[in-house]
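Each chain is listed here by its residues.
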Amino acid sequence: MLPVIAALSSPLLPDGFWTAIMAPVPFRVSPYMALFLTVPLVYLPFGIRLGLKIYLSSGKVDNLAPRQQDERLAATSPAYARLRAAEANMYEGLAIFAPAVLAAMQAGVPKETVSSLATAWLLYRFVFIVIYAVQFNDAMGILRSLTFAVSLLTTSKLYYMAATQ
C-alpha cells in the first residue's frame, strides 16, 4: 500500500519539500543525462552480485545454469539474496522512471525542475542500493523503504507535472 499512497500524495507535497531535499546537493544532471546514468545504476546491484558470486563460488561461475547457481547462492548468502532483490527493484523502478522523465520533458515541464527531480531519483536510488546491500537490521530496512518512497515520490511528481502542464 505504501507505493500507492506515495504515488498519490506526490502532488500534495509543496515545492519547498523538493527544494529542501536537494539543497545539500551541489549539482544537477540534465534529464537526458539522468536517463543515461540510470542504465549503469540499474545494473550496479548485478555487478556487485557478480563479484560476490565469483567470491562465493571460488571462481566457479556456472554459465550453463546461472539461474540455478543464483538460487543456491541466494539460499546460503543473505547479502547475495538482497542484491538480487535490489537488482529486481531497480528494473521495476526504471520501467516507471524513464517514461516519467520523457513525459515531463515532452509536456514542457521546465528543464531545471526535471533535472532536480531526476537527480534526486538517481541519488535516492543509489542510496537504496547501498542500504539494500549492507542492511543488517530493521532500522536499515526502514531507511531503505524511505529511500524507495522518496524515489517513487519523485517519479510520481514528474508524471503529475507532465499531466497538468
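This structure is a prediction, so every number in the text was calculated from the model and none was measured.

### Here we look at the overall build of the protein chain
Counting secondary structure elements, the protein chain contains seven helices and zero strands. Taken from the N to the C terminus, the helices and strands of the protein chain come in the order α-α-α-α-α-α-α. Viewed in the frame of its principal axes, the protein chain has a C-alpha envelope of about 55 × 30 × 30 Å. Sequence separation of at least 24 residues holds for 76% of the intrachain contacts in the protein chain that already meet a minimum separation of 6. In the structure as shown, the protein chain presents an accessible area of about 9,000 Å², 68% of it carried by carbon and sulfur atoms. Positive and negative charge centroids in the protein chain, built from 12 and 8 side chains respectively, lie 4 Å apart.

### Comments concerning the confidence of the model for the protein chain
Counting all residues, the mean pLDDT for the protein chain is 94, and 100% of those residues have values of 70 or more. Mean pLDDT across the secondary structure elements of the protein chain bottoms out at helix H1 (residues 2–9), with 85, and peaks at helix H3 (residues 31–56), with 97.

### Some points on the nonpolar core
Grouped together as the largest cluster of nonpolar side chains are 33 residues, with contacts concentrated most on Met90, Phe97, Val101, Val114 and Leu158. Contributing elements (two or more residues each) for this core: helix H2 (15–22), H3, helix H5 (78–107), helix H6 (111–134) and helix H7 (138–163). Ranked by residue count, the leading element in this core is H6, at nine residues. Other than its neighbours up to four places away in sequence, Val114 contacts Pro31, Val101, Ala104, Met105, Val109 and Leu158. Ala74, Tyr80, Leu83 and Ala133 belong to the second-largest nonpolar core, a separate cluster that totals six residues.

### Quick word on a nonpolar patch on the surface
A surface patch of nonpolar side chains, about 580 Å² in accessible area, is lined by Val39, Tyr43, Phe46, Leu50, Ile54, Val61 and Tyr91. The leading source of residues in the nonpolar patch is H3, at five residues. Residue class for Leu50 comes out partly exposed when judged on its relative accessible area of 33%.

Definitions and limits used
Residues numbered from 1 in each chain as written. Predicted model: local features only at pLDDT ≥ 70, side-chain atom pairs only at ≥ 80, totals over all residues. Heavy atoms only, no water. Helix = DSSP H or I, 4+ residues; strand = E, 2+ residues; numbered from the N terminus. Contact = heavy atoms within 4.5 Å. Areas by Shrake-Rupley, 256 points an atom, 1.4 Å probe, with all protein chains shown as cover. Lys, Arg positive; Asp, Glu negative; His and termini not counted. Charge placed at Lys NZ, Arg CZ, Asp CG, Glu CD. pLDDT = per-residue confidence, 0-100. Core = buried A, V, L, I, M, F, W, Y, C linked by side-chain atoms within 4.5 Å. Buried < 20%, exposed > 50% of the residue type's maximum accessible area, 1.4 Å probe, protein only. Patch = residues over 30% accessible without salt bridge, like charges linked within 9 Å, V, L, I, M, F, W, Y side chains within 5 Å. Salt bridge = Lys/Arg side-chain N within 4 Å of Asp/Glu carboxyl O.

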